[in-house]
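For reference, the chains in residue letters:
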Protein chains: 2
Amino acid sequence: LIERKQEPRAEVDSSSNWWRREDLFYKGNQLHFAGAPVVSWLYGEQTPAYLYNWQRIQENIRRLREALQSTEKAYRIFYAMKSNRHAPLLTSLAQMGNVGIDACSHAEIEAALSCGFRDEHISFTATGVAREEWKQVLSHHALRVNADSLSDLEKIGNISPGRTVGIRLNPAAGIGYRQNPLLRYADADTLSKFGIPLEDITTAYAIAAKYDLKIDGLHIHSGCGYLSDQLPALQNILETLKPLWQQFKIQSINLGGGLGIPLVTDDEPLDLNEWSAVLRSGLKGFDGEIWIEPGDYIVKDSGILVTTVTQSLVRRHHRYISVNAGFNIHPEPVFYDLPLHPLPTLQRPGEPSSAILAGNINEVHDLWAKNIVFPPVEEGDHIAFLNAGGYGAAMSSHHCLRGNFTERLIL
Amino acid sequence: LIERKQEPRAEVDSSSNWWRREDLFYKGNQLHFAGAPVVSWLYGEQTPAYLYNWQRIQENIRRLREALQSTEKAYRIFYAMKSNRHAPLLTSLAQMGNVGIDACSHAEIEAALSCGFRDEHISFTATGVAREEWKQVLSHHALRVNADSLSDLEKIGNISPGRTVGIRLNPAAGIGYRQNPLLRYADADTLSKFGIPLEDITTAYAIAAKYDLKIDGLHIHSGCGYLSDQLPALQNILETLKPLWQQFKIQSINLGGGLGIPLVTDDEPLDLNEWSAVLRSGLKGFDGEIWIEPGDYIVKDSGILVTTVTQSLVRRHHRYISVNAGFNIHPEPVFYDLPLHPLPTLQRPGEPSSAILAGNINEVHDLWAKNIVFPPVEEGDHIAFLNAGGYGAAMSSHHCLRGNFTERLIL
């Protein structure tokens, strides 16, 4: 009845170096990251350790800004802090001053404020928000709020009549990481809990009128982790929005997050020229602002997770490598089938061979990779997982009391 | 490539009351738990709240002890603290004095000691343990350790020569919750990372001899959540052990955990008479002790998670009910396809109708139940999830900064 197929995950081939970047390469047998050997960034030998490269974060933002500038529309970027709330990272973004915050709980708003952001830098889009939480959120008067449902509109109107708000729409079409059903957001055939269906727009405006709410923005979050080959789906979503901004007075269209990055060797990066062309064409005639809420696109490839090999052995003709971190430290490989590319921080002589990479949690599915071609490593060596900067530390748990790790922002 | 099918989860029919127990029933329209209305156990109206009924925990242990007594063998029960490490619960178990602790990390050992257990009450069985952690673990001299691999045996021998140890076996056969592949432990066709394969036993004894280690126990954890219909698989596993305890001097056979409880209306409970009959027959002639390491069997049905309805609405002809907790508070429905049976704490007049039960995390899969028949509820009502006592709080995360909840042990 509840059977769920566990398909083999994408094979990670360590002989390919598709991941190589200016801030990520081998030199003298040492994996370098952010300008120095990975191991030099650890506190002593302490692992598991998340390392975040601030330079890379800035570069990702710069690239996004350029693409948005080429749409020739005004724009705002709100960083989805749920992807990584490391306070030094939030603080650095606040210092930089050209991105705001996408928050999805009042606690996130508080965390953003604590790092230097102000109410007017924050956009709040959440789901299933309780009336009491709405009261807290709406006490920040300059903060942007989006209503996720007709019920939200009623609550907002009740608590804060006259307010200017956005509404989150459910466009009944979705895109995402390799069409992974776990991450598909707004498909007609999934039971998406998000957003106001297009057919309820009239009711939404009626509720707004009742409370004198001004709806000046539309929000759609249509997917998660899309690359160039999924841009036609984004185009379709923009098409469905057109009648709305043509009919109503809309000053901003918030496209949510969802911009993806390559995770395995055959992933083509999202072409931001194509992306901005889709925005230009899909929003032709719209004279308001484009807002986006990237999380992963900003932080995912800026972060690596460094672990230590605790065991390397052959069991039933399979090579097993165990490290001192499990799925509780980063859930994406086990629970989302999103691979984190593993690399030894020290290149040892010898040929790569097939291997299984296991974590240290007492659960059978706690495998970082089931089927990889991996270079030689020995006990005590470090393995770095790439693209670990988003939804890792943020979703970590203390399962088996193995939840301790360090985080370091490299400026 | 990485597509994972998300099959519809078991339908939960709230009109059936299969879950009814002496400590769990409706009276005067109020759901009662542990002798009083559920809401009376909350601190004010504070939710999410885990409530654990100590009476039920004792009852579960008593039932297990009776079944083990009927095998006419000596036995020991080690509670798998990874399932629920609420300190008052651990302390109460320590006070009770007739169960020990199954720990899987040195941090768990410390937590058990902090609650009153002593080294000699603790059995340590873990995976991918680093040499440094083994040093910490082995510094507890009276503590029982099991080696999970040949590499573990080498490490233990190096650090603590002459020690008496158990070895964890990989029996190449597994059982579990409805054959859920995510929870199947030792199948030949899964890449189980656990245990020493039977074909490596001779090598294991050779390593033990090298370090004067005395192997006096066998450990097999064969599955997770098995019910009566899966007992033949347990029987098979015991058969594969027989040549070992006949050949070697073995004083204890540790069967791990895995005893299941009913989760949906058509689950038949595990018949402990049948279970003990399987043990009697499978271990006939074995004159050592039976050890078991139940976690869920002791705590799962003793705990409920109480949440508050934040929103109730119709979206695209579906009834959506949102509560103030998501999969980060209890991961089993979303990540393990193990349903938690939801019940309103207040029975309102009106007919049940089909509904989707959603959490408050900004992820599309954050649904407590996709397809249930559920009674009427209103905003502010409480929904209690049954069978929430294991692997809930223990695996919770602070995703979206929505990780706060209370826990209460009801004595």
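Refer to the structure above for everything that follows.
Parameters at a glance
- Think of each chain on its own: its residues are numbered from 1, step by step along the sequence as written.
- Going through the entries in the order they are written, you letter the chains from A and number the ligands from 1.
- The predicted nature of this model means local features are confined to residues of pLDDT at least 70 and side-chain atom pairs, given and counted, to a pLDDT of 80 or more, with totals for whole chains, interfaces and linings taken over all residues.
- The basis for the side-chain values is all heavy atoms of the structure; hydrogens and waters are excluded.
- Working definition: helices are DSSP H or I runs of at least four residues, strands are E runs of at least two. Numbering for both runs from the N terminus.
- What makes two residues a contact is simply this: any of their non-hydrogen atoms within 4.5 Å.
- For the purposes of this section, nonpolar cores are sets of buried Ala, Val, Leu, Ile, Met, Phe, Trp, Tyr and Cys residues that join through side-chain atoms within 4.5 Å.
- Here's how the labels work: a residue is buried when its accessible area is under 20% of the maximum for its type, exposed when over 50%, partly exposed in between, all with a 1.4 Å probe on protein chains only.
- Lines are fitted to the C-alpha atoms to define the axes, a helix being fitted only along its stretch in contact, and any angle between axes, read from their N-to-C directions, falls within 0 to 180 degrees.
- For classification purposes, angles smaller than 35 degrees are called roughly parallel, those larger than 145 roughly antiparallel, those between 65 and 115 roughly perpendicular, and all remaining angles oblique.
- In a left-handed crossing the near helix is turned counterclockwise from the far helix by less than a right angle, and in a right-handed crossing that turn is clockwise.
- Note on pairing: DSSP must find at least two bridges between two strands before they are called paired.
- Call a crossover right-handed when, viewed with both strands pointing away from you, the route from the first strand across the helix to the second goes clockwise.
- Just to be clear on terms, a salt bridge is a Lys or Arg side-chain nitrogen sitting within 4 Å of an Asp or Glu carboxyl oxygen.

K.L.:
Please clarify how the environment of E289 of chain A should be interpreted in this entry.
P.N.:
Residues and elements named next belong to chain A. Inspection of the secondary structure assignment puts E289 in strand β16 (residues 289–292). A sequence separation of 52 residues divides E289 from H341, and the C-alpha atoms of the two residues are 36 Å apart. With near-sequence residues (within four places) excluded, E289 lies in contact with A74, R76, Q251, S252 and I253.

K.L.:
I would appreciate a short explanation of the nonpolar core in the present structure.
P.N.:
One recurring pattern in soluble globular proteins is that nonpolar side chains are buried together. By size, the foremost hydrophobic cluster in this structure holds 213 residues, and its most contacted members are F124 and W275 of chain A together with F124 and W275 of chain B. When residues no more than four places from it in sequence are discounted, the contact partners of W275 of chain B are L64, A67, L68, Y226, L231, L234, L259 and I292 of chain B.

K.L.:
Hey, could you run me through the packing of helix α4 (residues 131–138) of chain A against helix α5 (residues 150–159) of chain A in this one?
P.N.:
Residue and element names in this part refer to chain A. Where α4 contacts α5, the two axes come as close as 10 Å, and the packing angle between them is 55°. Looking at the two axes, α4 sits oblique to α5. Read as a crossing pair, α4 and α5 show a hand that is right-handed. Residues R131, W134, K135 and L138 of α4 form the contact with α5, whose own contacting residues are D152, K155, I156, N158 and I159.

K.L.:
What should I look at first to understand the pairing of strand β9 (residues 144–147) of chain B in this one?
P.N.:
Within a regular strand, side chains alternate between the sheet's two faces. Residues and elements named next belong to chain B. Neither face of β9 is open: one carries R144 and N146, the other V145 and A147, and all of them are buried. Of the strand pairs in this sheet, strand β8 (residues 122–125) and β9 are connected by three bridges, and their pairing is parallel. Bridging from a neighbouring strand, T125 pairs with N146 of β9. Viewed along the sheet, the connection from β8 through helix α4 (residues 131–138) into β9 turns out right-handed. Across two bridges, β9 lies against strand β10 (residues 164–170) in parallel orientation.

K.L.:
In this structure, what is going on with the sheet that holds strand β4 (residues 36–37) of chain A? I would like to understand it.
P.N.:
Within a sheet, neighbouring strands are paired by backbone hydrogen bonds and run either parallel or antiparallel to one another. All names here are of chain A. Strand order in the open sheet formed by three strands is β2-β3-β4, with antiparallel pairing between adjacent strands. With one partner strand each, in any of the chains shown, β2 (24–27) and β4 form the two edges of the open sheet. In terms of strand pairing, β2 meets strand β3 (residues 30–33) through four bridges, oriented antiparallel. Bridging from a neighbouring strand, L24 pairs with F33 of β3.

K.L.:
Even after reading the chapter, I still don't get the pattern of salt bridges, so can you show me in this structure?
P.N.:
Where side chains of opposite charge bring their charged atoms close, a pairing between them can arise. Within the structure shown, the criterion is met by 44 salt bridges over all chains. Taking the shortest distance from any N to any O, the salt bridge between E379 of chain B and R131 of chain A comes out at 2.8 Å. Linking E379 of chain B in the loop between β21 (367–374) and β22 (382–385) with R131 of chain A in helix α4, this pair reaches from one chain into another. According to the relative accessible area criterion, E379 of chain B is partly exposed, its value standing at 34%. Note that E132 of chain A and K135 of chain A form a salt bridge whose closest N and O atoms lie 3.1 Å from each other.

Without other data, these values stay purely geometric and don't point to any function.
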